[in-house]
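Residues per chain, in single letters:
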Amino acid sequence: LPTTLLVFRMLSKGIAAEVFSYFSAEQQADIMNTITDKELKFILDELFFDDMIDLIEEMPANVVNKILINSTQEERVLINQFLKYPAQSAGSIMTIEYVELKKNMSVKEALEHIKEIGLNKETIYTCYVTDKKRKLEGIVSLRNLVVSEFEQSINDIMLEEVIYVETHDDQEIIANIFKKYGFMALPVVDKEHRLTGIITFDDIMDVMEEEATED
């Protein structure tokens, strides 16, 4: 560990966070028990939310407590919410790193919004349109945004017929939808049809590979 930690600390902050995500759960726990709270907070800030959930699920209680202490209040609420979903459900593998738009936005406003927040999102190629109560109303692709006139509204170009899954749907159902339609991402809603997260293709591929290995 001392040598690993020394090399790890020599990396730039951005690369260090990326390298950290490839360590085994045991290596991650060892590093988090050794680094400072400031260093840990930077890593957590750089991780996508679903990766953070995966991390927490693998860690012993003392490390989980350290992660929660270095998370924001909003993150703690979301972490606790995500950890309550059944292990094989959509909620357990979804991420909140998506682009959310409103239908009264203009195309120009939407593109500016994506430019502002896009680097912190797991995918920007499909954007999700929600109302004031965060109910899913439609989707719009980045491609359609780019080729549309600036003054057009999102309401004019969004697709209202959206295929989605619910938070408690089984992973096998989700995998079959990805296979059938070739999606890169799929929205997840709760019982009130509020957008709760998205599942990306790489996340469901990980699940499918795990199930194939078990079989």
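My aim in this report is to walk through the structure given alongside it, one point at a time. (Residues numbered from 1 in each chain as written. Predicted model: local features only at pLDDT ≥ 70, side-chain atom pairs only at ≥ 80, totals over all residues. Heavy atoms only, no water.)

Section: the sheet that holds strand 2 (residues 126-130)
Heads up, the condition is: Note: two strands are recorded as paired if DSSP finds a minimum of 2 bridges between them. Starting at the N terminus, helices and strands are each numbered in turn, a helix being any DSSP run of H or I of at least four residues and a strand any DSSP run of E of at least two.
A sheet is described by the order of its strands in space; here 3 strands give the open sequence 1-2-3, paired in mixed fashion. Whereas interior strands pair on both sides, the edge strands pair on one side only; in this sheet they are strand 1 (100-101) and strand 3 (136-141). Here strand 2 pairs with strand 3 via 5 bridges, running antiparallel. Residue pairing in the sheet places Val129 in a bridge with Gly138 of strand 3.

Digging into the packing of helix 5 (residues 49-58) against helix 7 (residues 73-83)
For the record, the criterion: All axes here are fitted lines through C-alpha atoms, helices being fitted over the stretch that makes contact, and every angle between N-to-C directions spans 0 to 180 degrees. Crossing handedness follows the turn of the near helix against the far one: under a right angle anticlockwise gives a left-handed crossing, and clockwise gives a right-handed one. Note on definitions: a residue-residue contact is assigned when non-hydrogen atoms from the two residues lie within 4.5 Å.
One can describe the packing of helix 5 onto helix 7 by two numbers: an axis separation of 11 Å at closest approach and a directional angle of 65°. Pair helix 5 / helix 7 crosses with right-handed handedness. In contact with Phe49, Met52, Ile53, Ile56 and Glu57 of helix 5, helix 7 contributes Glu75, Leu78, Ile79, Phe82 and Leu83.

Thoughts on the sheet that holds strand 5 (residues 185-189)
Taken in spatial order, the 3 strands make up an open sheet running 4-5-6, and their pairing is mixed. Each of the sheet's edge strands pairs with one partner strand only, and the pair in question is strand 4 (165-166) and strand 6 (195-200). Relative to strand 6, strand 5 runs antiparallel, the two being bridged by 5 bridges. Bridge pairing links Leu186 to Ile199 in strand 6.

Notes on the nonpolar core
Let me state the cut-off plainly: Among buried residues, those of type Ala, Val, Leu, Ile, Met, Phe, Trp, Tyr and Cys that are joined through side-chain atoms within 4.5 Å constitute a nonpolar core. Relative accessibility under 20% of the residue-type maximum defines a buried residue, over 50% an exposed one, and the middle range a partly exposed one, all with a 1.4 Å probe and only protein chains included.
Judged by nonpolar contacts, the single largest core of 40 residues is most densely connected at Phe20 and Ile199. Examining the composition of this core, we find that 5 residues originate from one element, helix 5, more than from any other. Other than its neighbours up to four places away in sequence, Ile199 contacts Ala90, Ile93, Met94, Val165, Ile174, Phe178, Met184, Ala185, Leu186, Val188 and Ile204. Listed in part, the 15 residues of the second largest apolar core include Leu101, Ile117, Cys127 and Val140.

Describing the pattern of salt bridges
Filter applied, for reference: In what follows, salt bridge is the name for a side-chain nitrogen of Lys or Arg lying within 4 Å of a carboxyl oxygen of Asp or Glu.
In the structure shown here, the tally under the stated rule is 7 salt bridges. Measuring nitrogen to oxygen at the nearest pair gives 2.9 Å for the salt bridge that ties Glu39 to Arg9. Here the residue Glu39 occupies a position in helix 4 (residues 37-46), and Arg9 occupies one in helix 1 (residues 2-10), the gap between them amounting to 30 residues. Glu39 gets classed as partly exposed once you look at its relative accessible area, which sits at 27%. Given the relative accessible area of 41%, Arg9 is considered partly exposed.

Details of the packing of aromatic side chains
Both the distance between ring centres and the angle between the ring planes are used here to describe each pair of aromatic rings. We apply this condition: Note on aromatic contacts: the rings of Phe and Tyr and the six-membered ring of Trp form a pair at centre separations within 6.5 Å, being stacked when their planes are under 30 degrees apart, edge-to-face when over 60 apart, and tilted otherwise.
Applying the stated rule across the entire model yields 8 aromatic pairs. Aromatic side chains Phe20 and Phe23 sit 6.5 Å apart centroid to centroid with 80° between the ring planes, which places their arrangement in the edge-to-face category. The two residues Phe20 and Phe23 agree in class, both being buried. Relative to Phe183, the ring of Tyr181 lies with its centre 5.2 Å away and its plane at 10°, an arrangement referred to as stacked. Overall, the relative accessible area of 24% leaves Phe183 in the partly exposed class. Ring-pair connections join several aromatic residues into one group, and the members of that group are Phe8, Phe20 and Phe23.

Description of the side chain of Lys66
Threshold: Only four residue types enter the charge count, namely Lys and Arg as positive and Asp and Glu as negative; His and the chain termini do not. Counted as a polar contact is a pair of N or O atoms within 3.5 Å, where, for protein atoms, one must be capable of donating a hydrogen and the other of accepting one, and residues adjacent in sequence contribute only when both atoms are in side chains.
Tracing the backbone through its elements, the reader meets Lys66 in helix 6 (residues 61-69). The buried charged residue Lys66 lacks any salt bridge partner; its closest oppositely charged side chain belongs to Asp37, at an N-O distance of 4.2 Å. In this structure the side chain of Lys66 is engaged in a polar contact, spanning 3.1 Å, whose partner is the backbone oxygen of Ile35. Each residue touching Lys66, except ones within four places of it in the same chain, is listed here: Met32, Asn33, Ile35, Asp37 and Leu40.

Considerations on a negative patch on the surface
Counted only if it meets this: Patches here are clusters of residues that have more than 30% relative accessible area and form no salt bridge, with a 9 Å joining cutoff for like charges and a 5 Å cutoff for nonpolar side chains (Val, Leu, Ile, Met, Phe, Trp, Tyr). In this description, accessible areas are obtained by the Shrake-Rupley approach with a 1.4 Å probe, and a residue is regarded as covered only by the protein chains that are shown. Here the site of a charge means NZ on Lys, CZ on Arg, CG on Asp, or CD on Glu.
A surface patch of like charges, here negative, comprises Asp51, Asp54, Glu57, Glu58, Asp202, Asp206, Glu209, Glu210 and Glu214. When residues of the negative patch are traced back to their parent elements, those giving at least two are helix 5 and helix 13 (201-214). The topology assignment puts Glu214 in helix 13.

Re the pairing of strand 2
Just so we agree on the cut-off: Handedness of a crossover is defined as follows: with both strands directed away from the viewer, a clockwise route from the first strand across the helix to the second makes it right-handed.
Here strand 2 lies mainly inside the structure; 4 of its 5 residues are buried. In this sheet, strand 2 lies alongside strand 1 in parallel orientation, the contact comprising 2 bridges. Bridging from a neighbouring strand, Leu101 pairs with Val129 of strand 2. On the question of chirality, the crossover connecting strand 1 to the parallel strand 2 by way of helix 9 (residues 107-117) is right-handed.

All we've got here are geometric facts, nothing functional implied.
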